[in-house]
Amino acid sequence: MPGLTLRYPIRTLDHQLLFPQGTLLTEETLDAVIHSHTTYSHRTSSLFLYGSVKQDCLDFLSTPPFVTIFSDPKEISDLLTLLEAVRFPIPILETLDYFKANDFYTYAHVLMVFALSTLLAKDLLPDYRERIRLSATGPTHDTGKVSVPQHILKKTTPLTKRERRFLEHHTAAGYALLGYYYKDTQHLACKVALDHHERKDRSGYPRGTLLEDPMVEIIAACDVYDALIMPRPYRSGAYDNRTALEEVTEMAKQNKIGWDVVKALIAHNRKSNPHYKEITISAEKRGTPPSYNVYGMMVEETDPNDRTG
Ligand SMILES: [Fe+2]
Ligand SMILES: [Fe+2]
């Protein structure tokens, strides 16, 4: 990948500095870091046998709108069998503990993006079983948020430019941390972490590159949808499901994500659960977004409380 000059440092959860601020992050520099830390163990564990992950996942799936999306018992049983086969390096599982203790929204978010993206991958990717088993990218797509101060993740008012840049740093940080934990700069989880905020019209970040890998696109769509239907600190409440689906549809209209992934998401939200290729999408927008929402807004001047440096 083309290099990214890091505006902020990248540290592991146990405070090892992998990349100081100002260094160039490339495959080569990440490879050098991976090989310079030879003491690091590569032990893995099953995601669903780790702590309360499986029970938490089932609890989240039993709430609306997931209870409609995951309503077919056979579908759920197949999905759980597949998800139970997923293993992760131990430090990645420890990042879930970190999120559960410090940023519960992100904890629930990564698990639901995992479940949703697996469901959509089943529709859209012929080899989805192998892909998910070897490289489940839902639970890891926001791993880099361990490098972002919590006061930025939880801020209820518009971000300053520096805070916005720090938030966007989670993509490069996720790429580096996952490459380090997997000892593999080419791992799909690294690509997803780096590119899940990229868009098909190149309007995303961190590089403004073309969103084209189908797995990254699935994660990108599930990421936006889940963020809309959950309460977030920067707006007055969650989007209702209909409005959230309209927002994701709008992204396809603007060529930010593809139509197939949007249709698959909408198809699973319909009680009759039609095949995604058979559905038609209403052009009419009837939803009402939350009244207070500062997502994407930035304040120009430096905030006196901005501690991001
Ligand atoms: Fe993200
Ligand atoms: Fe996310």
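Going by the structure above, here's the rest.
Reading the values: rules and limits
Residues numbered from 1 in each chain as written. Chains lettered and ligands numbered in written order. Predicted model: local features only at pLDDT ≥ 70, side-chain atom pairs only at ≥ 80, totals over all residues. Heavy atoms only, no water. Helix = DSSP H or I, 4+ residues; strand = E, 2+ residues; numbered from the N terminus. Buried < 20%, exposed > 50% of the residue type's maximum accessible area, 1.4 Å probe, protein only. Polar contact = N/O pair within 3.5 Å; in protein donor to acceptor, adjacent residues only side chain to side chain. Donors = N, O, S within 2.8 Å, 3.2 Å for Na, K, Ca; no water. Tetrahedral: all angles 85-135°; square planar, octahedral: opposite > 155°, others 65-115°. 1 Å grid on protein atoms, 1.4 Å probe; cavity = no way out; pocket = protein on both sides within 12 Å on 5 of 7 lines; lining within 4 Å. Points joined across faces, edges and corners; volume = space filled by probe spheres on them. Nonpolar A, V, L, I, M, F, W, Y, C, P; charged D, E, K, R; others polar. Arc of directions from axis to C-beta. Contact = heavy atoms within 4.5 Å. Core = buried A, V, L, I, M, F, W, Y, C linked by side-chain atoms within 4.5 Å.

Remarks on the environment of H275
Right, on to step 1. By the element assignment, H275 lies in the loop between α13 (259–269) and β8 (298–299).
Right, on to step 2. For H275, a relative accessible area of 42% corresponds to the partly exposed category.
Right, on to step 3. Note: C-alpha distance between H275 and P139 (136 residues apart in sequence) is 26 Å.
Right, on to step 4. A distance of 3.0 Å separates a polar atom in the side chain of H275 from the backbone nitrogen of K277.

Notes on the coordination of the iron ion (ligand 2)
Right, on to step 1. All of the protein donors around the iron ion (ligand 2) are H109 (NE2), H141 (NE2), D142 (OD) and D223 (OD); their distances to the metal are 2.0 to 2.3 Å.
Right, on to step 2. Because the angles between the four donor atoms bound to the iron ion (ligand 2) fall within 83 to 178°, the donor set is best described as irregular.
Right, on to step 3. As a motif over one chain, the donors of the iron ion (ligand 2) read H-x31-H-D-x80-D.

A look at empty space enclosed by the protein
Right, on to step 1. With the rule as written, the count across this model stands at one cavity of 30 Å³ or more.
Right, on to step 2. Roughly 50 Å³ of volume is contained in the largest cavity.
Right, on to step 3. Considering the residues around the largest cavity, the lining is formed by E75, D78, L79, L82, L119, K122, Y128 and R129.
Right, on to step 4. Broken down by secondary-structure element, the contributors of at least two residues to the lining of the largest cavity are α4 (73–84), α6 (104–124) and α7 (128–134).
Right, on to step 5. When residues of the lining of the largest cavity are assigned to their parent elements, the largest contribution, four residues, is made by α4.
Right, on to step 6. Class assignment of the residues belonging to the lining of the largest cavity gives a composition of four nonpolar, no polar and four charged.

With respect to helix α2 (residues 53–61)
Right, on to step 1. Residues V53, D56, C57, F60 and L61 constitute the buried set of α2. Angularly, the buried residues of α2 cover 135° about the axis, an arc narrow enough to put them on a single face.
Right, on to step 2. Here the buried face of α2 lies against α3 (66–69), α5 (90–102) and α6.

So, the nonpolar core
Right, on to step 1. Counting 91 residues, the largest nonpolar core has F19, L47, F66, F70, I132 and Y225 as its most contacted members.
Right, on to step 2. The element that contributes the greatest number of residues to this core is α6, accounting for 13 residues.
Right, on to step 3. Residues contacting L47, with those up to four places away along its chain left out, are V53, V86, R87, F88, L93, L96, F114 and P139.
Right, on to step 4. The next biggest cluster of nonpolar side chains, apart from the first, holds seven residues, and it includes Y8, V148, I152 and L159.

Focus: the side chain of S147
Right, on to step 1. Relative to the helices and strands, S147 is located in the loop between α7 and α8 (150–153).
Right, on to step 2. What makes S147 buried here is its relative accessible area of 13%.
Right, on to step 3. Apart from residues no more than four positions distant in its own chain, S147 is found in contact with P9, I10, R11, F166, H169, A173 and L177.

Brief notes about the layout of surface pockets
Right, on to step 1. Looking at the largest pocket, its volume works out to about 960 Å³.
Right, on to step 2. Lining of the largest pocket is provided by 36 residues; of these, R164, H197, R199, Y234 and Y295 occupy positions nearest its centre.
Right, on to step 3. Taken together, the residues of the lining of the largest pocket sort by class into 16 nonpolar, nine polar and eleven charged.
Right, on to step 4. Of the voids in this model, the second largest pocket is the one considered here, and its volume is about 390 Å³.
Right, on to step 5. In this structure, the second largest pocket is lined by 19 residues; those nearest its centre are R242, L245, E246, I266 and R270.
Right, on to step 6. Mapped by element, the contributors of at least two residues to the lining of the second largest pocket are α12 (241–253) and α13.
Right, on to step 7. With seven residues, α12 is the largest single contributor of residues to the lining of the second largest pocket.
Right, on to step 8. Split into classes, the residues belonging to the lining of the second largest pocket amount to five nonpolar, five polar and nine charged.

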